[in-house]
Amino acid sequence: MSADFDLNGYLAGEAPRVHAALERATAWIGRKVAPDIAAAVRHGVLSEGKRLRPVLCVTAFRACGGSDGDAAYDLAASLELIHAYSLMHDDLPCMDDAELRRGRPTTHKVHGEDVTLRAGAALIPAAALQAWRAAEALGCPPGTVRAVVARLMEAAGAGGMVGGQWVDLEGEGRTLGAEALDGLHRRKTGALLAASLLVGATAAGAPAPTLAALERYGRAIGLAFQIADDILDATQSADALGKNPSDAALQKSTYVALYGLEDAERRARAQVDVALEALEGSGVRAPALEALALYVVERRR
Ligand code: GRG
């Protein structure tokens with residue numbers, strides 16, 4: 001484990017390159033939609049998130065031998081387009097009904113519910129096209145381009161994020177057991193985090209055993225991330241989080257409710273160990289991925 005890796009410096013270096021790719025993507029989408037939809041897209045996509053998914057994607061891409069140019073960031077932006085749409089829709093009154101996100105009013109509070117619904121929907125096919133175009137620009141062979149787009153859409157779909165969200169919505173006001181909670185979050189949060197690594201590694205031409213190990217790493221940090229999210233929701237203020245804590249109000253089943261704070265924290269760290277072990281077995285040397293595994297449980301927002 002590289003204890004001296006400067007993750008803050010690494011993230012600070014990645015942020016402008018990810019932002020520039022998101023600017024290119026939103027400008028491209030903006031040319032296809034009405035101005036009110038384009039403004040909502042910009043609000044949802046360009047507001048200041050942690051950019052964990054695109055950073056995982058470019059980090060895996062480079063660690064697997066990919067080159068370091070703008071097209072890699074364009075590929076990574078496809079993950080953030082899906083993530084941004086999911087947050088825009090998740091915040092709508094028919095779902096979590098949230099007013100604050102990333103320290104700003106949510107997209108529908110500024111641009112209206114109907115426009116936000118349409119802007120979020122436009123982002124789904126835009127993300128698929130974004131991944132496709134970027135993989136072609138990277139010179140990926142046709143089969144690899146197909147695999148990249150398929151990985152992204154599978155993770156976003158009913159077997160992944162959307163399916164997890166269904167279970168989450170149906171679970172409000174009910175108590176879910178450990179297995180159901182893990183299953184929900186493997187899909188809702190974990191699938192897209194794992195896909196972030198797989199999209200990058202697939203585009204770089206990584207062999208199947210490396211992809212399998214990175215998938216194990218991604219699924220483990222996905223669970224760790226969600227446990228940490230539940231802990232933050234239970235312990236931090238809206239000011240610190242940039243969003244209103246909402247699990248209790250929405251009567252959601254959480255890892256904190258299931259295990260208590262201390263055990264939840266222990267379980268999150270155990271998942272980090274699983275992730276680090278998978279990384280070690282992957283044959284990929286990536287100090288940034290080691291540091292990111294710890295970051296998901298040590299972050300403060
Ligand atoms: C129509 C049922 C249906 C679903 C649509 C809304 C939706 C799809 C899915 C919701 C998925 C969702 C909100 C998952 C939560 C994932 C999560 C923990 C988000 C927070 O991620 P961070 O902390 O956020 O990385 P930032 O703001 O830093 O990017």
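Placed above this text is the structure.
Definitions and cut-offs
Residues numbered from 1 in each chain as written. Predicted model: local features only at pLDDT ≥ 70, side-chain atom pairs only at ≥ 80, totals over all residues. Heavy atoms only, no water. Near = heavy atom within 4 Å. Areas by Shrake-Rupley, 256 points an atom, 1.4 Å probe, with all protein chains shown as cover. Nonpolar A, V, L, I, M, F, W, Y, C, P; charged D, E, K, R; others polar. Helix = DSSP H or I, 4+ residues; strand = E, 2+ residues; numbered from the N terminus. Expected span 1.5 Å × (residues − 1). Buried < 20%, exposed > 50% of the residue type's maximum accessible area, 1.4 Å probe, protein only. Disulfide = S-S within 2.5 Å. Salt bridge = Lys/Arg side-chain N within 4 Å of Asp/Glu carboxyl O. Axes fitted to C-alpha atoms, helices over the stretch in contact; angles between N-to-C directions. Parallel < 35°, antiparallel > 145°, perpendicular 65-115°, else oblique. Contact = heavy atoms within 4.5 Å. Bend = angle between axes of the 7 residues up to and from the residue.

*Asks:* Account for the site of the ligand, with residues named and values stated.
*Replies:* Near the ligand, the surroundings consist of 19 residues, among which Lys50, Arg53, His83, Arg102 and Trp166 are the closest. When isolated, the ligand has an accessible area of 750 Å², and the protein chains bury 90% of it. In terms of residue class, the shell around the ligand is made up of 6 nonpolar, 7 polar and 6 charged.

*Asks:* Lay out helix α4 (residues 70-90) in plain terms, naming residues and giving numbers.
*Replies:* Between its first and last C-alpha, α4 extends 30 Å over 21 residues, near the 30 Å set by a 1.5 Å rise per residue. The buried fraction of α4 is high, at 20 of 21 residues.

*Asks:* Could you give me a rundown of the state of the cysteines, with the residues and numbers involved?
*Replies:* The full count for this structure, using the stated rule, is 0 disulfides. Here Cys57 is not cross-linked by a disulfide; its sulfur's nearest cysteine counterpart is in Cys64, at 10 Å. Relative accessible area serves as the criterion here: at 1%, Cys57 is assigned to the buried category.

*Asks:* Summarise the pattern of salt bridges; cite the residues concerned and give the values.
*Replies:* Per the counting criterion, the structure on display carries 23 salt bridges. The partner of Lys252 in a salt bridge is Asp96, and the shortest N-O contact between them spans 3.2 Å. Of this pair, Lys252 sits in the loop between α11 (238-241) and α12 (255-259) while Asp96 sits in the loop between α4 and β1 (100-101); the two residues are 156 residues apart in sequence, bridging distant segments of the chain. Across the salt bridge formed by Arg266 and Asp263, the nearest N and O atoms sit 2.7 Å from each other. Here Arg266 pairs with Asp263, and both are found in helix α13 (residues 261-282), just 3 residues apart, close to one helical turn. Among the charged side chains, a network of salt bridges with common partners joins Asp96, Asp168, Glu172, Lys188 and Lys252.

*Asks:* Lay out the packing of helix α1 (residues 7-30) against helix α3 (residues 52-63) with the relevant residues and their values.
*Replies:* Angle between the axes and distance between the axes are the two parameters that describe a pair of packed helices. At a closest axis distance of 10 Å, the pairing of α1 and α3 adopts a crossing angle of 105°. Overall, the two elements α1 and α3 adopt an arrangement that is roughly perpendicular. On α3, the residues that touch Tyr10, Leu11, Glu14 and Val18 of α1 are Pro54, Val55, Val58, Thr59 and Arg62. Looking at side-chain class alone, the contact of α1 with α3 contains 6 nonpolar, 1 polar and 2 charged residues.

*Asks:* So, helix α9 (residues 178-203): which residues are in play, and what are the values?
*Replies:* With 26 residues, α9 should reach 38 Å at 1.5 Å per residue; the first-to-last C-alpha distance of 35 Å fits that figure. Considering bend angle alone, the principal kink of α9 is centred on Gly190 and spans about 50°. Here α9 lies mainly inside the structure; 19 of its 26 residues are buried. Phi for Gly205, located one or two positions after α9, is positive at around 80°.

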